[in-house]
Amino acid sequence: MKFVVLTIFPEMFGPFWDHGIIRRAIEQEKIFASTLNIRDFAEDRHQVTDDRPYGGGSGMVMKPDPLAAAIRAAEQDAPSAKKILLTPQGRVFNQKIAHKLASYEELVFVCGRYEGVDERIDHDLIDDEISIGDYVLTGGELAAMVIIDAVTRQIPGTLGGEDAAAKDSFANGLLEHAHYTRPQVFEGKAVPDTLLSGHHEEIENWRLESALMRTLMKRADLLRNKDLNEKEIEMLKKWSRNIQDILNFHHKAHKE
Ligand code: 9D3
């Protein structure tokens, strides 16, 4: 996978490329990463990339000419790339989109700044528009990093060891089960016995139950959209019966 990022702040990406899973993926040549500075494509003496909006108003607009020249330069470097504009107006990024993007050979990310990019940077130059959520950032750079991080995790062999991408939260529609490491007792709180038992099947069941319970408590919306298997339905029914018993008991206690 080749990532090319167009930005007026290429320095923001140095530390990002240089750490953790991204760094290892680059070292292993699973991904190739580069940035192009949009400012380098401005023709004027001061290499200006923004200008005042026609029609007036506050804020600045990203000029179309340097940006178009930068996108065309990126195309030289990555001719088959899907070109993605990061913008608050884009479709909202999720795990499914991360998985889909990982199937491309090359991706170009266009990071907007200021109030937005000139409207004439359009369909010929951009293939897709993505937002990372409904909150206001100061530019597309952090959004590009979020997407590159999530996409890189989807590339086989980038996570070392086993295929953690398949086990990742959301891949199976559930939040992750609870995790514990040493010490066995921390501030009076012990690790659940099952996890110390060495009994692999019981541990797997415990983890499934933990994942189901956490999803129900924290993200019930995920459960509604998930295809539950028989085991998962049995666990939910068991809790439902337990809760019903508690409610029945309280109901009786109130009547007496
Ligand atoms: C005043 C109206 N604002 C729109 C919500 C203008 C505006 C604010 C911030 C326009 C652009 C930006 C910069 N943001 C991005 O470039 C951006 C972004 C974001 O702000 N949130 C979530 N995803 C993304 S992707 C790019």
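None of the values given here were measured: they were computed from a predicted structure.

**Considering the nonpolar core**
Right, so step 1: Counting residues in hydrophobic clusters, the biggest one holds 28 residues, and the most contacted among them are Leu86, Phe93, Leu101, Phe109 and Ile147.
Right, so step 2: Put simply, the parts of the chain that give this core at least two residues each are β1 (2-7), α1 (14-17), α2 (20-27), β5 (82-92), α4 (95-101), β6 (106-111) and α5 (141-153).
Right, so step 3: Among all residues touching Phe93, those that are not within four sequence positions of it are Ala98, Leu101, Ile130, Ser131, Ile132, Ile147 and Ala150.
Right, so step 4: Core analysis: the second largest hydrophobic core is formed by 19 residues, Ala68, Ala70, Ala81 and Val117 among them.

**Observations regarding the domain arrangement of the chain**
Right, so step 1: Per the domain assignment, the segments making up the chain are domain 1 (2-152) and domain 2 (185-255).
Right, so step 2: Computed from C-alpha atoms alone, the centre-to-centre distance between domain 1 and domain 2 is 43 Å.

**So, the site of the ligand**
Right, so step 1: Around the ligand lies a shell of 17 residues, among which Glu115, Ile132, Gly133, Tyr135 and Leu137 are the nearest.
Right, so step 2: Here a nitrogen atom of the ligand and a side-chain polar atom of Ser131 are 3.4 Å apart.
Right, so step 3: One of the backbone nitrogen or oxygen atoms of Tyr135 is found 2.8 Å away from a nitrogen atom of the ligand.
Right, so step 4: A total of 580 Å² of accessible area belongs to the ligand in isolation, and the protein chains cover 75% of it.
Right, so step 5: A majority-of-atoms criterion places the ligand in the largest pocket.
Right, so step 6: Secondary structure elements with two or more residues in the shell around the ligand: β5 and β7 (128-131).

**Comments concerning the layout of surface pockets**
Right, so step 1: Put simply, the largest pocket is a space of about 670 Å³.
Right, so step 2: Lining the largest pocket we find 31 residues, and of these Leu86, Thr87, Pro88, Gln89 and Gly116 sit closest to its centre.
Right, so step 3: Looking at which element gives the most residues to the lining of the largest pocket, the answer is β5, with five residues.
Right, so step 4: Classifying every residue of the lining of the largest pocket gives 13 nonpolar, 10 polar and eight charged.

**Quick word on the packing of helix α8 (residues 200-218) against helix α10 (residues 230-255)**
Right, so step 1: Between α8 and α10, the least distance of the axes is 10 Å, while the angle of their chain directions is 65°. Crossing of α8 against α10: the hand is right-handed. Residue-level contacts link Asn205, Leu208, Glu209, Leu212, Met213 and Leu216 of α8 to Lys231, Glu232, Met235, Leu236, Lys238 and Trp239 of α10.
Right, so step 2: Of the residues belonging to the contact of α8 with α10, the class tally is seven nonpolar, one polar and four charged.

**What about the packing of aromatic side chains?**
Aromatic ring pairs: the centre-centre distance and the angle between the two ring planes describe each pair.
Right, so step 1: Evaluated as defined, the whole model comprises five aromatic pairs.
Right, so step 2: Clustering of aromatic rings is evident, with ring pairs tying together Phe13, Phe16 and Trp17.

**A closer look at a negative patch on the surface**
Right, so step 1: There is a patch of like negative charges on the surface, built from Glu119, Asp122, Asp124 and Glu129.
Right, so step 2: Position of Glu119 among the secondary structure elements: in the loop between β6 and β7.
Right, so step 3: Judged by its relative accessible area of 69%, Glu119 falls in the exposed class.

**Details of the sheet that holds strand β2 (residues 32-37)**
Right, so step 1: Strand order in the open sheet made by the five strands is β2-β1-β6-β5-β7, with parallel pairing throughout. The open sheet has two edge strands with one neighbour each: β2 and β7. Across the sheet, the axes of successive neighbouring strands diverge by a mean angle of 30°, strand direction being ignored.
Right, so step 2: Pairing of β5 with β7 involves five bridges; the strand directions are parallel. Of the residues in β7, the one forming a bridge with Leu85 is Glu129.

How each quantity is defined
- Residues numbered from 1 in each chain as written.
- Predicted model: local features only at pLDDT ≥ 70, side-chain atom pairs only at ≥ 80, totals over all residues.
- Heavy atoms only, no water.
- Core = buried A, V, L, I, M, F, W, Y, C linked by side-chain atoms within 4.5 Å.
- Buried < 20%, exposed > 50% of the residue type's maximum accessible area, 1.4 Å probe, protein only.
- Helix = DSSP H or I, 4+ residues; strand = E, 2+ residues; numbered from the N terminus.
- Contact = heavy atoms within 4.5 Å.
- Domains from an automatic or database assignment.
- Near = heavy atom within 4 Å.
- Polar contact = N/O pair within 3.5 Å; in protein donor to acceptor, adjacent residues only side chain to side chain.
- Areas by Shrake-Rupley, 256 points an atom, 1.4 Å probe, with all protein chains shown as cover.
- 1 Å grid on protein atoms, 1.4 Å probe; cavity = no way out; pocket = protein on both sides within 12 Å on 5 of 7 lines; lining within 4 Å.
- Sits in = over half its atoms within 2 Å of the grid points.
- Points joined across faces, edges and corners; volume = space filled by probe spheres on them.
- Nonpolar A, V, L, I, M, F, W, Y, C, P; charged D, E, K, R; others polar.
- Axes fitted to C-alpha atoms, helices over the stretch in contact; angles between N-to-C directions.
- Left-handed = near helix turned anticlockwise from the far one by under 90°.
- Phe/Tyr/Trp six-rings, centres within 6.5 Å; stacked < 30°, edge-to-face > 60°.
- Patch = residues over 30% accessible without salt bridge, like charges linked within 9 Å, V, L, I, M, F, W, Y side chains within 5 Å.
- Salt bridge = Lys/Arg side-chain N within 4 Å of Asp/Glu carboxyl O.
- Lys, Arg positive; Asp, Glu negative; His and termini not counted.
- Charge placed at Lys NZ, Arg CZ, Asp CG, Glu CD.
- Pairing = 2+ DSSP bridges.

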